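These are the residues of each chain, in order.
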Amino acid sequence: MSERVATAAESGVMEEIERRVLWLATAVVHHANRVRPNPSGLKVGGHQASSASMVSIMTALWFHHLGPDDRVSVKPHASPVLHAINYLLGELDERYLTTLREFGGLQSYPSRTKDPDPVDYSTGSVGIGATAPIWGAVARRYTEGAPAGRQYSLVGDAELDEGAVWEAVLDPGVAELGEIVWIVDLNRQSLDRVVPYLAAHRLKGMFAAAGWQVLTLKYGRLLTELFGRPGGDELRARIDAMSNPEYQRLLRCDAAELRDRLPGGSEPAAALVATLDDATLLAALRNLGGHDLGSLGDAFEEIDDTRPTVIFAYTVKGHGLPSEGHPQNHSSLLTAEQIDALAARLGLDPADPWARFEDGSEAARLCAETAARLRREPVAPQAPPALPADIGRTPKGTATTQAALGRLLLDLTREAPEAAARVVTVSPDVSSSTNLGGWVNKVGVWSTSERRDWFADDAETILHWREGPSGQHIELGIAETNLVSLLGELGATWSRWNKPLLPIGVLYDPFVGRALEPWSFGIYAGGQSILIGTPSGVTLAPEGGAHQSIVTPSIGIEQPGCVAYEPAFVLDTEWTLLASMARLGRPDGGSAYLRLSTRAVDQRLAAVPDDPAARERRRRQVVAGAYPLRRAERPAVTVAAMGALVPEALAAADRLDQVGVGADVVCVTSPGLLFEALRSRQGLGDGSSWVLDQAFPASRATPLVTVLDGHPHTLAFLAGVNNVPCVTLGVTKFGQSGSIEDVHRHHGIDTDSIVRAALDVAP
């Protein structure tokens, strides 16, 4: 293959394809903004300049080096380049080239689930797309047992400002992933300006310190040849020393002005410049390594597959366009006149913008050969293993919902071993404090190679850390973004590699907010996983306000592609977790978020029916979002409670009954599912509303009190089920340390507060 590509490059075929990719990427954005009817007049947008800086890199990668097992994450603003390449390879129908950012058309940024052509990784959220191939590599090694193909990230240099990048780079296990290759588009511009001091040497040092191979691709072959002439050393020193803004300004100069400004007072450099004709001089200034196909090919050949690699490829933003180097070119659009001039320079007809290479031409042949080389066998999703809906145990005594998690995982190893073998848990250094210790002891810790457990013979060591490729628990450092990013990739193996997993991530609930954006992006990209936040709420009383979550309960209402549960009892936890696991790894599936507690609760309060049919009815209600826990003979008020506050609701009902106020108690397990049921009843959804009829029947409609260990607006919508008066109790301010009783009283979610609210609202 290398010999064929070298011959093609010598004959100019690769350059011809490079020019066509530049044109198509630019024309796709132009058509969306200047040609397609736009009644609203709103700027459609697109990034012609950001795409142009990536054209050479992506041409060299796709048409020379990629194999069918490789995967690539394309920087968000280069999506038109990806679509242009896919079009030339026959992977995108021509009709889509006119639909950039149109409803149902090409997405603003590469989308694995929404774009009509092949996209390996969804990007668009700064830093998340860049790091996704790291976690994709881990997920593939976990499923395959060995690396298979490289994982490329095409990263804008401004993305290196994102903290998620360094959280991923610095994770200790990443240094073992030799299939990781990052190519940094070092165009030295951000959205608003030329970056004054990019400090590339500092960035290189940070990657090197993390164990990465660092390759620098600064100058192309033309400049390198000039540096070898008399005066070349001085010219190179001059370019190396100039600031980014000065270099960018030189790109805006004509040849005469460049001859005056480029040497910077160096006579040897001026003498060298004087020997160059205008075209060569202008081309030399732009001849950076990221635009030189030969230099790019050489760099790709140097990649060391024993450790991660980063290639710093110096580029020009807007390379080859009239806007190249302009400090405000990020979202600028070429005019119609500039498009016509670009077409003329490239030898193309603007009236026929989507023309393919002529049949029989060398360029057409190379496109066909590349398409054949990169063609992948379609993935037929494999059905995940069957899961029981009910283990069959009825817990007694006092227990926590957090402890129920670890117990259920161990139960699965006995009751459903095939499903248990697909479970992979992930934790940011909190596995022992979130009750995963027994599970970790049972299944071991995953690593790329066997590692000795030096405490295996220590009798006082309870948690055994057996590490090897067969482990089913992955322990990361304390970085929640890494956790949920890995969850997203583990949750995509069913569609990527035809190997469905059941991934469960566990972290402290207050940090769900920190992890929410990358987890949400993983769901958007097709990842299906379970996120468990525990312990939660102000019920974690002694820990104080820093660890007491408030806003997380509403996530279940607001997060697309996710069902959220906050169970009150152990059996509720088991049922909802089993139901959530059953939705993973399938085309019609989705993710789940469970909010668990360390509060010990008397399990007899659950009043689980003994009759098998009644038990199954209860299970269905739990999974659907709510169930009646207590019915008064003549109800005057209904208390809807969730999670750790159900005991207070039951105690309040007892006291209300003593003063002649009958109270129904409804245990809410999923506000989001109830909200969906209410919208369906209102004709705004296509789901079922039966759970509302059973939990809040119109025949028992009374004034309502809602209470939860979280923000009260989470359950406020329940008043609309039967249009009744409502008082909402919950947490609206930061907590503080104390006993559960003191903290609940402070926030007005204790039994006394529920009783007072019920008496106020009851007729």
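Everything below is about the structure printed above this text.
The shown structure was predicted, so the numbers you read here are calculated from the model rather than taken from an experiment.

Visitor: Would you mind showing me how to read the side chain of glutamine 472 here?
Guide: Looking at the secondary structure, you find glutamine 472 in the loop between β9 (467–468) and β10 (473–475). Within the structure, the side chain of glutamine 472 is placed 2.8 Å from the backbone oxygen of alanine 420, a separation counted as a polar contact. Ignoring sequence-local partners within four residues, the contact set of glutamine 472 consists of Tyr142, Ala420, Ala421, Arg422, Val423, Val424, Thr425, Trp439, Val443, Gly444 and Trp446.

Visitor: Teacher, can you tell me more about the pattern of salt bridges here?
Guide: Two side chains of opposite charge can pair, provided their charged atoms sit close to one another. Under the criterion given, the structure shown has 39 salt bridges. For the salt bridge of glutamate 324 with arginine 286, the shortest nitrogen-to-oxygen distance reads 2.4 Å. Placement of the pair is glutamate 324 in the loop between β5 (309–314) and α16 (336–346) and arginine 286 in the loop between α14 (278–285) and α15 (293–301), with a sequence separation of 38 residues. Each member of the pair, glutamate 324 as well as arginine 286, carries the same accessibility label: buried. A salt bridge links arginine 393 to glutamate 574, with the nearest nitrogen and oxygen atoms 2.3 Å apart. Pair noted here: arginine 393 is in the loop between α17 (362–374) and β6 (398–399) and glutamate 574 is in helix α25 (residues 570–582), with a separation of 181 residues, a long-range link.

Visitor: Sorry, what's going on with α16 here?
Guide: Because each turn of an α-helix spans 3.6 residues, side chains separated by three or four positions in sequence point in the same direction. Listing the buried residues of α16 in full gives Ile339, Leu342, Ala343 and Leu346. Each buried residue of α16 lies within a common arc of 100° when the element is viewed along its axis, so the set occupies one face. Of the residues in α16, the exposed ones pointing more than 90 degrees away from the buried face are Glu337, Ala344 and Arg345. On the buried face of α16, the contacting elements are α2 (13–35).

Visitor: What's the story with the side chain of threonine 425 in this structure? I'm lost.
Guide: As for its position among the elements, threonine 425 is in strand β7 (residues 423–427). Residues contacting threonine 425, with those up to four places away along its chain left out, are Leu409, Leu436, Trp439, Gln472, His473, Ile474 and Ile504.

Visitor: I keep staring at empty space enclosed by the protein and nothing clicks. Help me out?
Guide: The method is simple in principle: a probe with the dimensions of a water molecule rolls over the atoms, and the space it marks as empty is what remains. Under the definition given, this model contains seven cavities of 30 Å³ or more. Approximately 160 Å³ is the volume found for the largest cavity. Considering the residues around the largest cavity, the lining is formed by 19 residues, among which Ile128, Ala132, Glu489, Gly522 and Ala525 are closest to the centre. Mapped by element, the contributors of at least two residues to the lining of the largest cavity are α6 (128–144), α21 (480–490) and α23 (512–524). The greatest single-element share of the lining of the largest cavity, amounting to five residues, is contributed by α6. Of the residues belonging to the lining of the largest cavity, the class tally is nine nonpolar, seven polar and three charged. When its volume is computed, the second largest cavity comes out at roughly 110 Å³. In terms of lining, the second largest cavity is formed by 15 residues, of which the most central are Thr638, Phe696, Ala701, Thr702 and Asn722. Elements with a minimum of two residues in the lining of the second largest cavity: β18 (662–668) and α31 (719–722). Looking at the lining of the second largest cavity residue by residue, the classes come out as nine nonpolar, three polar and three charged.

Visitor: I keep staring at the sheet that holds strand β17 (residues 635–642) and nothing clicks. Help me out?
Guide: To summarise the sheet geometry, strands pair through backbone hydrogen bonds and adopt either a parallel or an antiparallel arrangement. One open sheet accounts for five strands, arranged β16-β18-β17-β19-β20; its pairing is mixed. The outermost strands of the open sheet, each flanked by one partner alone, are β16 (626–630) and β20 (726–729). Sheet twist, expressed as the average angle between the axes of neighbouring strands with direction ignored, equals 20°. Helix α27 (residues 646–658) contacts β16, β17 and β18 of the sheet and is inclined by roughly 170° relative to β18.

Visitor: Is there a simple way to explain the sheet that holds strand β2 (residues 151–156) in this structure?
Guide: On the basis of which strands lie adjacent, the open sheet formed by five strands has the order β1-β2-β3-β5-β4 and parallel pairing. Two strands lie at the open edges of the sheet, namely β1 (71–73) and β4 (213–217), each paired on one side alone. On average, each strand axis in the sheet is inclined to that of its neighbour by 15°, with strand direction left out of account. Where β1 and β2 come together, three bridges link them in parallel fashion. Bridge pairing in β2 links valine 72 to tyrosine 152. Sitting on the sheet, helix α8 (residues 200–209) is in contact with β3 (180–186), β4 and β5, with an inclination near 170° to β5. This element, α15, spans β3, β4 and β5 of the sheet and lies at about 170° to β4.

Visitor: Hey, could you run me through unusual backbone geometry in this one?
Guide: Following threonine 534, the chain continues to proline 535 via a peptide bond in cis, the omega torsion being -10°. Tracing the backbone shows proline 535 in the loop between β12 (530–533) and α24 (555–558). Positive phi, normally seen in glycine, also occurs at asparagine 498, with a value near 60°. Relative to the helices and strands, asparagine 498 resides in the loop between α22 (493–496) and β11 (502–507). Asparagine 498 gets classed as partly exposed once you look at its relative accessible area, which sits at 24%.

Cut-offs used in this document
- Residues numbered from 1 in each chain as written.
- Predicted model: local features only at pLDDT ≥ 70, side-chain atom pairs only at ≥ 80, totals over all residues.
- Heavy atoms only, no water.
- Helix = DSSP H or I, 4+ residues; strand = E, 2+ residues; numbered from the N terminus.
- Polar contact = N/O pair within 3.5 Å; in protein donor to acceptor, adjacent residues only side chain to side chain.
- Contact = heavy atoms within 4.5 Å.
- Salt bridge = Lys/Arg side-chain N within 4 Å of Asp/Glu carboxyl O.
- Buried < 20%, exposed > 50% of the residue type's maximum accessible area, 1.4 Å probe, protein only.
- Arc of directions from axis to C-beta.
- 1 Å grid on protein atoms, 1.4 Å probe; cavity = no way out; pocket = protein on both sides within 12 Å on 5 of 7 lines; lining within 4 Å.
- Points joined across faces, edges and corners; volume = space filled by probe spheres on them.
- Nonpolar A, V, L, I, M, F, W, Y, C, P; charged D, E, K, R; others polar.
- Pairing = 2+ DSSP bridges.
- Axes fitted to C-alpha atoms, helices over the stretch in contact; angles between N-to-C directions.

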